[in-house]
Amino acid sequence: MSVTDLTGTATESAPASRVEELPMAKALNAGLRQALADDPKVLLMGEDIGRLGGVFRVTEGLQAEFGTDRVVDTPLAESGIIGTAIGLALRGYRPVCEIQFDGFIYPGFDQITSQLAKLTNRGSGAFSMPVVIRVPYGGHIGAVEHHQESPETYFAHTAGLRVVSPSTPNDAYWMIQEAIASNDPVMFFEPKSRYWPKGPVDFAGTAAPLHASRVVRTGTDVTLLAHGAMVSVLMAAAEIAAEEGVSAEVVDLRSLSPIDYGPIIDSVTKTGRLVVAQEAPGFVSLGSEIAATVSERAFYSLQAPVLRVSGFDTPFPPAKLETLYLPDADRVMEAVDRVMAH
Amino acid sequence: MSVTDLTGTATESAPASRVEELPMAKALNAGLRQALADDPKVLLMGEDIGRLGGVFRVTEGLQAEFGTDRVVDTPLAESGIIGTAIGLALRGYRPVCEIQFDGFIYPGFDQITSQLAKLTNRGSGAFSMPVVIRVPYGGHIGAVEHHQESPETYFAHTAGLRVVSPSTPNDAYWMIQEAIASNDPVMFFEPKSRYWPKGPVDFAGTAAPLHASRVVRTGTDVTLLAHGAMVSVLMAAAEIAAEEGVSAEVVDLRSLSPIDYGPIIDSVTKTGRLVVAQEAPGFVSLGSEIAATVSERAFYSLQAPVLRVSGFDTPFPPAKLETLYLPDADRVMEAVDRVMAH
Amino acid sequence: MADTIIANPTAGPATETTVQFLTPEGEFAPSESAEEYASYLDRLSHDDLQQFYRHMAVVRRFDHEGTNLQRQGQMALWVPSHGQEAAQVGSAFAAKPQDHIFPSYREHAVAHVRGIDLLSIVELLRGNTHGGWDPTDPANGNFHGYCLVIGSHTLHATGYAMGMQRDGVVGTGDDSVDAAVLAYFGDGSTSQGDVSEAFVFSASAQSPNVFFLQNNHWAISVPVSVQSRIPLYLRSRGFGVPSVQIDGNDVLASFAVTAKHLDEARAGNGPQFIEALTYRIGAHTSSDDPSKYQDQALYDYWVARDPIVRFETYLRSLGEGDAFFAAIAEEADDYAADIRHRTLALTPPPASIMFDHVYSEPHPVMQEQKLWLERYEASFEGDQA
Amino acid sequence: MADTIIANPTAGPATETTVQFLTPEGEFAPSESAEEYASYLDRLSHDDLQQFYRHMAVVRRFDHEGTNLQRQGQMALWVPSHGQEAAQVGSAFAAKPQDHIFPSYREHAVAHVRGIDLLSIVELLRGNTHGGWDPTDPANGNFHGYCLVIGSHTLHATGYAMGMQRDGVVGTGDDSVDAAVLAYFGDGSTSQGDVSEAFVFSASAQSPNVFFLQNNHWAISVPVSVQSRIPLYLRSRGFGVPSVQIDGNDVLASFAVTAKHLDEARAGNGPQFIEALTYRIGAHTSSDDPSKYQDQALYDYWVARDPIVRFETYLRSLGEGDAFFAAIAEEADDYAADIRHRTLALTPPPASIMFDHVYSEPHPVMQEQKLWLERYEASFEGDQA
Ligand SMILES: Cc1ncc(C[n+]2csc(CCOP(=O)(O)OP(=O)(O)O)c2C)c(N)n1
Ligand SMILES: Cc1ncc(C[n+]2csc(CCOP(=O)(O)OP(=O)(O)O)c2C)c(N)n1
Ligand SMILES: [Mg+2]
Ligand SMILES: [Mg+2]
C-alpha cells in the first residue's frame, strides 16, 4: 500500500502516474480490494456485502476473490456486526464493517460509543481498535425514510473515534486504505449521492494525510467549507459567486474528527468570511463546532458572522421534499450574499 | 397540577405559598408522585425503580403507593424499555422511563432516535409521543466508568426530541411535571451530583415555562451560561469574579432543545462577553452550538470571543481524575480572565 | 399427505410438525399437527373463503401494478408482496376488529384486509409521506404504520399489548372486548436484538401478543440459513413463548393457527409465536437484483407452491366456478387501474409538512424555519416572473 | 439424591435435569444428568481439588477485604463475589491456557485462577483505572477486561472466537492448539439484545464459544422471574445453541460441565451455553441495600448451600485434615493483608493517562489538551509557593 502514515508525508516510491476515471463506488471497491490484498488480517463484514456485493455494489466481486471468511455476509443485526468486529480486532484482525444505510447505524450505537470508542483507553493502550465502519450517508437519492440521513455529529462528538468523509473518487480510494491502516477506529462516511459520478483516481499517486483539510478552490472574499457531497454544491456556488464578482475559496473538510483547523483559519484570516454547509440538521452539530471555533480563533479577522447552511432541524423529509430540505447552491449563495453584505 | 402550559403563563389559583427545603431527589419524587396522582395514564418504568425505589431512590415509595402496573420494574434492556414505552404511548399512556445511568442510554439509542423522535412526524401528527426519559447524568460522584457521562449533545442534535435539565430542587419538581404533561418526547437530564443538596421547593408556586432559560444572577461584565450541575459552579465562579471586581451575570439554560436564546442574547448584548460551561466534552457539542449562535446573533456586541469551558475531549476518566476533568470555578475563571482581557 | 414444505435442504428450516391443511396441489389433507387447529376452520363460511381468495388475488394484482408504476418512474422504490399472500390474508382474517396490527413493510395484503387504502403505500414509496395512513382512524382497522427499521416495531407491539392489559381488555371472557396485538416481521429480523427483547418483555408481562414471522427465506440477498441453522419457530421457546410452524402458503393454516393463538393471547395466556414458511417470489425491492444470489431450483420449487393457485384449486374442488374467478380478476384489474389512475394524479406534498408534525406542541425552531423557507422560496418568485 | 437446587418456587427456574455431583451436604451423589460429565472428573488430581478449595477460599477472603476497604473509604464501590465461588472456580479451571475469557464484572475468582493480580480490581473500583490488567500480557491468562455495560462483551467474545476460527486453532484435533472463548454474564444480562445477538452470531459462525451464565437470582433488586418465567438455560436452544443447567454451587459440576462444553467448542462443534444456578449472598454492590428487596427465606436457603462449606465437607470426607484448611485460611489472610497493604499504598494516577490512550495513533487534540492542562495546573504552583 502506498499511503502516508497519519501524520507524515508520502512514503511511496511512486512509479509513473496511473490515472483512471472511476465513480466513487468503484474507487472504494478498488481501495478495499487493495487493502484485502495487502494485509491478510483485513476483513469485510456486513449485510449483503458478499454474494450481492452490497446494496451499492461497493464490495462487488470481493467475496468471490477473497472468500467467505474475509468478506462476510453477517446476520441482520448492527450491534452484532460491530460487537463481533470488536472481538475480531482484539484477536488481531482489522474488520471493515459496512452499515447498509446511515439510518441503520443506531442499533449499533452502544457498541460504537461505549465499547469501540473507549476500549483502547480502557485497556491503557495495551491494544488498539483498528475497526473501520463504512456508512453510506446523506441525501439526494430520493430514498425512503432512514435512507438519507447525515449522522456525523453523533460520532464527531464521541471521543475515541476518528471520523472522515471523502468527497472525490481519488480521496475515497486512498482514504479508505488509510482508514484501514489506522490503528484507531474510523467512522468512514461515504456520500452516497457521489457514488456514481466519475472522477480521476491516481492509483500511483500519494495519499494526502487522512486528517488534513484541503483548499480545493482558491478565492479571496469568502471561505466556503463542507465535506462529502456538499463540497460539489460549494463548487457550484463558487461558480455562481464568481459570476456575481465574489471570489470564493472552497475548503474540503475531509476529516470531521479531528478537524484540521489550520487551513481553515488561514483561509478565513485571508477572506474574513466563512459559510459552513452540511446536509445534517444544524442544531448542535458539526457546523456549530466549526462556526464556534472559527469565531473564537479568527475573532479579529472575521468581517461578518460565520453563517451555517444546513438541513432543517427536522427529520429528513419524504423524498419529494428533499430538494427543499437539502442546501443547494442557491441556499449557499443566500448565505454568501449575507456575509458579503457585511 | 399547577404547571403552566408550555408557552403560556401560570394557571394555578395558588393558595398560600408552601415552601419546603428538599434535596432534588426528593423533589423529583414529589413531582412524580403528583403526576401519577393527577393522571391515571402516567406510568413509570425502568430497572430497579419499584421495590428498590431506583438506585438513587428517586422513585422511592411510588410502587407501594401506585402499584406494580403503574411503577414497573422492567427486564434489564434499555431498548426494550423505550420500545415498549413507545407502544404504551400509542395506546394512550404517558410513560416515564428511568435510565439507570447516563452511560446506559446507548442500547436504547435506536428506539429514541429512529422511533420515539420521529413517530409523530411519521404519522403526520395523528398521534403524539408523550414519553419522558429520565437520565441521571454527569460527574462529581466518584463512580466507575459509564456512570458519570453527559450525553446531552446526542439528544439535542436529534430533531423531534425536547431536552431539558433542571439545576435546582424547585425546577426539578415543576419541570418533571411539565415534561410529563408535554405531548412531545422529553429527555429529562437530572444532574445526579445535585440529587442531595437541599433547596427550597415551592409546592404552591407556579412553574416557569419548561423551555425558558433564566438569569439567576445579574451582572454587567460577562455572561456565564450553563445547565444542570454546572450552574452552581458558575455561581461559585461569579463570587470569585466579584471579589476580583468582575460583575458576572449567570444564566441557567434549563432547556437544551429548544434553546431559549432571547435572555442569552439580551445578557450578552449587555455584557459583551460570554463563557459557556458544561461537563461534557466540548468538541461538536451543545457548547459549540451556543457559542456559534451567540457569535452569529450578537456579532456586533461581543467584545471578546465566546469561550467554552468543557470536559476534555476524552472519555470520562477514572474517578480519581474527575476533579481535573470536570470544569470547576477556577477553570471557569481562567476563561473569564481571558474574555476580560479583551 | 402433508407436504414437507421445503424440498431443498439448503433452503432452511423444515419440520415434520408444520401445520398444513391444503397440500400444494390444493387438496384438503390436514397434517397431524393441524388437527388441534381444525375446529377453527368451522368459523369460516363459504363467503369467507371467497374473501380469502379475493384479497389474495386483488393484492397480487396491486403488487404487480406497484412494480409497473415503479418501473415507469412513479415511485423510487417498490416492495413486492408476491408469494406471501396466504400467510398475510389468513392471519389478517384471524384478527378481530379490536385487535391491533403492527406490520413490517411488506404486509400489503394485511393492510388490504384491514381496510387501508393501498394508495397510501404508493404515497409512502413515492416519497410523498413517511407514513400514509392514520392508525387512530377507525376506518384503518387498527393497522399501525409500516416500520422500516428492522425489528423495532415488535417492541412497540409489546408495549401496546401491555397497554391493553392495563385497559382491562385482556382475559375478561367477553369476546367483543378481549383484544390482542398481531405483529409481523421477517426471517432476517429475528437476528435483531429488539425482536429478542420483545420476546423477553412480552413473556415477562404476559402481554397479549402474537408474533407472526413470515420466513420468506431471504433477508435481501442473505439466505435464512445465515440467520439460523435451526427452524426459526423454535426461537421463542427459550423465552417462554409457545410457538408453531405453519405452511405459510396455505391460507387455511394461516387463518386457523393465527385465530387460535390470538384467542390464547386475548384470553390472557401470554405471547405466542407463529412461523409461516413462505417465499419471496419477487425481488427484495425494486432496487434489488435477485439474479445475483437467487437459487433457481428453490425458486421453481416455491413457484409450484403458489398460494393463490393452490387455493383456487381447492375452491374449485368445493364447486366454485369460472364466473367467480373471472369476477375477482376483473375486480383486481379495476383495483389496479384505480391505483394507477390515482397515482398519476398525485402531487408533491407542500413544504409545510416538513415542519408541522415534528412536534405535537408549538416549537419555536419549527415556526422560525418554516417561515424562513416560505420567505426564501418567495424570494425566487420575482425571478421567475 | 440430587438436590432440587431451589426450594422456593418464587426464586426462579429449577429443573430435574440440573447437573450436580455434590449435594449441599457435601456428599458425592451425581444426579442422573451428571453421568455424561462424570468422566471429566477423572482429569482431576487431588492437588486440583485442593486448588479448587484454595482459590475459592482465598477469593472469598479477598472479597471480604474488598468490602472492608470500601467501607473504610478506600474505594467508591465494591462488587462482591461471595457465594458464586464454585461456579467461577470450577469453570475457570476447565479453561486451557490458550482459551480466552471474557468476564462481566463479578468474576474475581475466575481472575484469580487465571493469574490476575486482584489489586487491579481494587484499582478499578477505586477509580484509578478503567481497566486494570493487560489482557495481551501472557501473565494475565487471556483474561480480558471487565465490562460494565450489561451484555456487550458477549459479542466481543463471539468475534474473538470467530478470529480463532480464522487463525485455524479450532477443530485441528491438537489439544495444545485448539482453543475456545469462555464468556461470563448474569441472569439480568440475558434480557439484553446483545446477548441474544451473540447467540445468533456464534450459532451462525459456529464459533468456539462457551457462554457461562451465573444465575445468581438477582439483577440488583429485580428477581430473575422478571427476566424469565422459564429456566434460563433453555434460552439458547431456540438459537441452535445446546445448553445445560448446573448446580453452580457445586465446584465439581462447574468444572466437569464447562470442561466438556469447552471441548465441544474447541473441537469445532459450535457454541455452547451453561446456566449455573447460584446466589448472590452479598449486596449487588456496596451502594446497594438488599434489605429493601431481599427474601430472607431464600437467602437462608442459599446460605445453607454455601459452595465452600460444601466442598470442605467433601474434601474432609476424602481425608483432608485441619492442617490443610488452616494453611489455606492463613494464605487467604495473607492475601487479604497484602491487598490491604498495597491498596493503602496506592497513589492517584497522573493526569496524563486521561489523554495518552484515547487513541493509538497521535492525535492533535489530545496533545493540545494535555499540554493545556499541564500548563494550567502549573499556573497554580506559584500560588501555593
Ligand atoms: C436496522 C436495519 N438494518 C438494515 C436494514 C436494511 N434492510 C431492509 S430490509 C432488510 C432485510 C430484511 O429481511 P427480513 O426481515 O427477512 O424481511 P423481508 O424483507 O424478507 O420481508 C435489510 C437488511 C434495515 N431496514 N434496518
Ligand atoms: C446496559 C446497562 N444497563 C444497566 C446497567 C446497570 N446495572 C449494573 S449491574 C445490573 C444488574 C445486572 O444483573 P445480572 O446480569 O444478573 O448480573 P449480576 O450483577 O447479578 O452479577 C444493572 C441493571 C448496566 N451496567 N448496563
Ligand atoms: Mg425475509
Ligand atoms: Mg444476577
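Criteria and cut-off values
- Residues numbered from 1 in each chain as written.
- Chains lettered and ligands numbered in written order.
- Predicted model: local features only at pLDDT ≥ 70, side-chain atom pairs only at ≥ 80, totals over all residues.
- Heavy atoms only, no water.
- Near = heavy atom within 4 Å.
- Polar contact = N/O pair within 3.5 Å; in protein donor to acceptor, adjacent residues only side chain to side chain.
- Areas by Shrake-Rupley, 256 points an atom, 1.4 Å probe, with all protein chains shown as cover.
- Least-squares fit on C-alpha atoms with pLDDT ≥ 70 in both.
- pLDDT = per-residue confidence, 0-100.
- Helix = DSSP H or I, 4+ residues; strand = E, 2+ residues; numbered from the N terminus.
- Contact = heavy atoms within 4.5 Å.
- Buried < 20%, exposed > 50% of the residue type's maximum accessible area, 1.4 Å probe, protein only.
- Axes fitted to C-alpha atoms, helices over the stretch in contact; angles between N-to-C directions.
- Parallel < 35°, antiparallel > 145°, perpendicular 65-115°, else oblique.
- Left-handed = near helix turned anticlockwise from the far one by under 90°.
- Nonpolar A, V, L, I, M, F, W, Y, C, P; charged D, E, K, R; others polar.
- Arc of directions from axis to C-beta.
- Core = buried A, V, L, I, M, F, W, Y, C linked by side-chain atoms within 4.5 Å.
- Pairing = 2+ DSSP bridges.
- Buried area = accessible area lost by both parts, 1.4 Å probe.
- Salt bridge = Lys/Arg side-chain N within 4 Å of Asp/Glu carboxyl O.

A few points about the site of ligand 1
Here comes step 1: With respect to spatial proximity, 20 residues lie near ligand 1, and among them Glu78 of chain A together with Tyr105, Arg106, Leu148 and Ser189 of chain C are the closest.
Here comes step 2: More than one chain approaches ligand 1, the contributing ones being chains A and C.
Here comes step 3: Side-chain polar atom of Gln100 of chain A to a nitrogen atom of ligand 1: 3.5 Å apart, as the coordinates give it.
Here comes step 4: A distance of 2.7 Å is found between a nitrogen atom of ligand 1 and a backbone nitrogen or oxygen belonging to Leu148 of chain C.
Here comes step 5: Taken by itself ligand 1 offers 580 Å² of open surface, and the protein chains cover 95% of this.

Concerning the relation of the copies chain A and chain B
Here comes step 1: The transform that puts chain A on chain B rotates by 180 degrees and translates by 0.0 Å along the axis, for an RMSD of 0.0 Å. What the superposition gives is, in effect, a two-fold axis relating one chain to the other. Taking C-alpha positions as reference, the residue of chain A nearest the rotation axis is Ala292 of chain A, located at 2.1 Å.

With respect to the confidence of the model for chain C
Residues and elements named next belong to chain C.
Here comes step 1: The predicted model of chain C averages 95 in pLDDT, with 95% of residues at 70 or higher.
Here comes step 2: Element-level mean pLDDT values for chain C span from 91 in helix 13 (residues 364-384) up to 99 in strand 3 (residues 209-215).
Here comes step 3: Between residues 1-14, whose pLDDT stays under 50, and residues either more than four places distant or in other chains, the model counts 42 contacts.
Here comes step 4: Across the whole predicted complex the pTM is 0.97, and at the interface the ipTM reaches 0.97.

Let's talk about unusual backbone geometry
Here comes step 1: In this structure, the amide linkage connecting Ser257 of chain A to the following residue, Pro258 of chain A, adopts the cis form with an omega of -5 degrees.
Here comes step 2: Positive phi is not limited to glycine here, since Val284 of chain B has a value of about 50 degrees.
Here comes step 3: Its place among the elements puts Val284 of chain B in the loop between strand 13 (274-281) and helix 10 (286-297).
Here comes step 4: Judged by relative accessible area, which is 0%, Val284 of chain B ranks as buried.
Here comes step 5: Residues other than glycine seldom take positive phi values, yet Asn142 of chain D does so here, at roughly 55 degrees.
Here comes step 6: Within the fold, Asn142 of chain D resides in the loop between helix 5 (119-126) and helix 6 (152-166).

Looking at the packing of helix 1 (residues 46-71) of chain C against helix 10 (residues 307-317) of chain C
Residues and elements named next belong to chain C.
Here comes step 1: Running from N to C, helix 1 and helix 10 cross one another at 150 degrees; their axes reach a closest spacing of 10 Å. The angle between helix 1 and helix 10 falls in the class roughly antiparallel. Here helix 1 and helix 10 pass one another in a crossing that is left-handed. Touching His46, Leu49, Phe52, Tyr53, Met56, Ala57 and Arg60 of helix 1 are Pro307, Ile308, Phe311, Glu312, Tyr314 and Leu315, all from helix 10.
Here comes step 2: Grouping the amino acids of the contact of helix 1 with helix 10 by side-chain chemistry returns ten nonpolar, one polar and two charged.

Some words on helix 11 (residues 307-317) of chain D
Residue and element names in this part refer to chain D.
Here comes step 1: Where helix 11 is concerned, the buried positions are Pro307, Ile308, Arg310, Phe311, Tyr314 and Leu315. Each buried residue of helix 11 sits inside an arc of 160 degrees when the element is viewed along its axis, so together they form one side. For helix 11, exposure combined with an orientation more than 90 degrees from the buried face picks out Val309 and Ser317.
Here comes step 2: For helix 11, the secondary structure elements touched by its buried residues are helix 2 (46-71), helix 3 (85-94), strand 6 (243-247), helix 9 (251-266) and helix 12 (322-344).
Here comes step 3: The first or second residue beyond helix 11 is Gly319, which carries a positive phi of 105 degrees.

What about the nonpolar core?
Here comes step 1: Grouped together as the largest cluster of nonpolar side chains are 222 residues, with contacts concentrated most on Ile133 of chain A together with Ile133 of chain B.
Here comes step 2: Ignoring anything within four residues of it in the chain, the contact list for Ile133 of chain A reads Ile82, Cys97, Ile99, Ile105, Ile112, Leu116, Val186, Met187 and Phe188 of chain A.

Quick notes on the sheet that holds strand 3 (residues 71-73) of chain A
Residue and element names in this part refer to chain A.
Here comes step 1: The strand order across the open sheet formed by seven strands is 3-2-4-5-7-6-12, and the pairing between neighbours is mixed. Among the strands making up the open sheet, the edge pair consists of strand 3 and strand 12 (255-257). Averaged over all neighbouring strand pairs, the angle between strand axes comes to 20 degrees, with direction disregarded.
Here comes step 2: Strand direction decides the pairing type here: strand 2 (residues 42-46) and strand 4 (residues 94-98), joined by five bridges, are parallel. Across the sheet, residue Leu44 finds its bridge partner in strand 4, namely Val96.
Here comes step 3: Running at roughly 165 degrees to strand 2, helix 3 (residues 78-90) makes contact with strand 2, strand 4 and strand 5 (132-137) of the sheet.

So, the interface of chain B and chain C
Here comes step 1: Listed by partner, the interface residues are 43 residues for chain B and 40 residues for chain C.
Here comes step 2: Summed over both sides, the interface between chain B and chain C buries roughly 3,200 Å², with carbon and sulfur atoms accounting for 57% of that surface.
Here comes step 3: Contact with chain C buries surface across chain B, with Arg91, Asn121 and Arg122 of chain B losing the most and accounting together for 19% of the total.
Here comes step 4: Inspection of the chain B/chain C interface yields two salt bridges.

Remarks on the interface of chain A and chain B
Interface size, as often reported, equals the accessible area lost upon joining of the parts.
Here comes step 1: Between chain A and chain B, the residue contacts involve 48 residues of the former and 48 residues of the latter.
Here comes step 2: Across the chain A/chain B interface, buried area totals approximately 4,100 Å², and carbon plus sulfur atoms make up 63% of it.
Here comes step 3: The three residues of chain A that bury the most area against chain B are Tyr154, His157 and Phe283 of chain A, which together make up 18% of that side's buried surface.
Here comes step 4: The interface formed by chain A and chain B includes eight salt bridges.
Here comes step 5: Here Lys118 of chain A makes a salt bridge to Glu149 of chain B, at a shortest N to O gap of 3.7 Å.
Here comes step 6: Put simply, chain A and chain B have 22 residue pairs in polar contact (both at pLDDT 80 or more) between them.
Here comes step 7: At the level of secondary structure, the elements contributing two or more residues to the side of chain A that touches chain B comprise helix 4 (109-116), helix 5 (119-122), helix 6 (152-156), strand 12, helix 10 (286-297) and strand 14 (307-311) of chain A.
Here comes step 8: At eight residues, the largest contribution of residues to the side of chain A that touches chain B is made by helix 10 of chain A.
Here comes step 9: Taken together, the residues of the side of chain A that touches chain B break down into 22 nonpolar, 17 polar and nine charged.

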